[in-house]
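Below are the chains, spelled out letter by letter.
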Amino acid sequence: MSFLSWLITKLGGSTSLSETDVRVYADEYALLAGDIYIREMAFMGAANLVSKAVSKCEFKTYVNGREKKGNEWYLWNVEPNQNQNSSEFIQQLIFQLLRNPKKGALVIEQGGRLYVADDFSKTPYALYEDIFTQVTVKDFTFSRSFVQSEVLYFKLCDSDIKHVLDGLYDSYSKLITYSMNAYQRSKGTKVKFKYDTLPAAGTEQRQAFDALVNEKIGKWLNSDNAALPLGKGQDVEEMTQKTYSSDSTRDIRALIEDISDFTAKAFGIPPVLLRGEVQGTSDAVDQFLTFCIDPLTDMLAEEINRKRNGRTAYLSGTYLRIDTKQIKHVDMMSVATAIDKLIGSGAFCVNDIRIACNESPIDEPWAWEHYITKNYEPFKDALNGITTGGET
């Protein structure tokens, strides 16, 4: 049984259908599949944008207030487990979190390695730790249960964004379907079939007439080069059709882009980024980092710190911080003046700037020193110069 036949029976259709009925079901299936592709394209675009942005971040680790690259740093930035690198791991984590924001995403540790659970069941409690069962990683399901303190559990909110978006798509897809049908009708060919008399039923003339109406005219209309044999008193006249506006599919594309805009707004993404537009990208990226990525990475870091470091270590300066500066590409020539000010004011050293610009630090002591230009001085010294007339 073909997938289309199976789908027809599931929808309540008969297994013995005429060619016309099957064609109707096929058209409806094509529209259903197209609608699913449109909504999935919008969601996948948003999820990929967010997950790839977070995967570019560096998970910085600190011990007693000083940055240190140890085993914890290696887990989050290079190799969380034997089957994934850090980019794959983070993208899988974020994608599952966005796909099921109400259910959340689960990370477990086994043998010093981190794994994203593909599926799990959660039993929540008010005064006790939540329990996770049926935890599945790829083809393996753990027989044991996990309590909240043993896992990293990430959750965005109690509302299901994906469910809300699907409901919006269901309403908006009607407009897209109508526009597509209108475009198809405008591009189709319609004719008037004229005949003098209708042959009597059951005669050979009636069979030939029915074959002409049901088969031959349709094939003739759909063929590039064809001849249509007509009998005495029969004629075909083409009807003029109203053409689609601007003779293009721009209106349909605009409706599809509206769905992308709705999805982008739901995730806090500026719509221009999801549409791939270039104009105003810099401001859009800043908004993207501020209202989408920074809150997300803050939530990730909070869960990691409270589970893997704890209160005592965190308060003593041992923690993890997710640096989102790596997301935005830095053009060295465009920020040259700003770099001069940052170094000259003593706020950052040379290596701080190089690391922020995704360059390797210089292995020299002077590169870690802070400098300040001579035109900077304490405010009290400036006041003293004024009162003394500039004399020293």
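Thresholds, definitions, all that
- Residues numbered from 1 in each chain as written.
- Predicted model: local features only at pLDDT ≥ 70, side-chain atom pairs only at ≥ 80, totals over all residues.
- Heavy atoms only, no water.
- pLDDT = per-residue confidence, 0-100.
- Contact = heavy atoms within 4.5 Å.
- Pairing = 2+ DSSP bridges.
- Helix = DSSP H or I, 4+ residues; strand = E, 2+ residues; numbered from the N terminus.
- Axes fitted to C-alpha atoms, helices over the stretch in contact; angles between N-to-C directions.
- Parallel < 35°, antiparallel > 145°, perpendicular 65-115°, else oblique.
- Nonpolar A, V, L, I, M, F, W, Y, C, P; charged D, E, K, R; others polar.
- Phe/Tyr/Trp six-rings, centres within 6.5 Å; stacked < 30°, edge-to-face > 60°.
- Buried < 20%, exposed > 50% of the residue type's maximum accessible area, 1.4 Å probe, protein only.
- Lys NZ or Arg CZ within 6 Å of the ring centre and 35° of its normal.

Participant: Run through the confidence of the model for the protein, naming residues and quoting values.
Facilitator: Looking at the protein as a whole, its pLDDT mean stands at 79, while 70% of the residues score no less than 70. The model gives residues 19–32 a pLDDT under 50, and that stretch makes ten contacts with residues more than four places away or in other chains.

Participant: Could you give an account of the sheet that holds strand β9 (residues 151–154), naming the residues involved and the relevant values?
Facilitator: Pairing is antiparallel in the open sheet, where three strands are placed in the order β4-β3-β9. At either end of the open sheet lies a strand with only one pairing partner, and these are β4 (113–116) and β9. When the angles between neighbouring strand axes are averaged without regard to direction, this sheet yields 20°. Where strand β3 (residues 105–110) and β9 come together, four bridges link them in antiparallel fashion. Bridging from a neighbouring strand, Leu106 pairs with Tyr153 of β9. Of the strands in this sheet, β3, β4 and β9 touch helix α4 (residues 86–99), which is tilted by about 35° from β4. Sheet strands in contact with helix α9 (residues 281–308) are β3, β4 and β9, and its direction is about 155° off that of β9.

Participant: Explain the environment of Ile355 to me, and be specific about the residues and the numbers.
Facilitator: Tracing the backbone through its elements, the reader meets Ile355 in helix α12 (residues 350–356). Between the C-alpha atom of Ile355 and that of Lys325, which follows or precedes it by 30 residues, the distance is 9.9 Å. The contact partners of Ile355, leaving out residues within four places of it in the chain, are Gln326, Pro361 and Trp368.

Participant: Lay out the packing of α4 against α9 with the relevant residues and their values.
Facilitator: Viewed as axis vectors pointing N to C, α4 and α9 meet at an angle of 110°, and their least axial separation amounts to 13 Å. Our classification of the angle between α4 and α9 gives roughly perpendicular. Contacts between α4 and α9 involve Leu93, Ile94 and Leu97 on the former and, on the latter, Leu296, Met299 and Leu300. Residue composition of the contact of α4 with α9, by class: six nonpolar, no polar and no charged.

Participant: Which residues make up the packing of aromatic side chains, and what values go with them?
Facilitator: Enumeration over the complete set of coordinates arrives at eleven aromatic pairs. On the numbers, 5.9 Å between centres and 55° between planes, the contact of Phe43 with Phe267 is tilted. Taken as a pair, Phe43 in helix α2 (residues 19–55) and Phe267 in helix α7 (residues 250–267) lie far apart in primary sequence, 224 residues in all. There is no split in this pair, since Phe43 and Phe267 are both buried. Look at Tyr62 and Tyr319: their rings are 4.8 Å apart centre to centre, the planes differ by 15°, and that puts the pair in the stacked class. You can see Tyr62 sitting in strand β1 (residues 58–63) and its partner Tyr319 sitting in strand β12 (residues 319–323), a full 257 residues away along the chain. Look at Tyr62 and you get buried, because its relative accessible area is 10%. An aromatic cluster is present here, built from Phe43, Phe95 and Phe267 joined pairwise through their rings. Seen from the ring of Phe120, Lys103 lies directly overhead, with NZ or CZ sitting 4.9 Å from the centre.

Participant: Explain the sheet that holds β12 residue by residue, including any values.
Facilitator: The strands making up a sheet associate through hydrogen bonds between their backbones, and the pairing can be parallel or antiparallel. The three strands are arranged β2-β1-β12 in an open sheet whose pairing can be described as antiparallel. A single partner strand is all that each edge strand has here, and the edge strands are β2 (66–67) and β12. One ladder, built from five bridges, connects β1 with β12; its direction is antiparallel. Residue pairing across strands places Glu58 opposite Asp323, the latter belonging to β12. Along the sheet, α9 contacts β1 and β12; its crossing angle with β12, the most-contacted strand, is approximately 165°.

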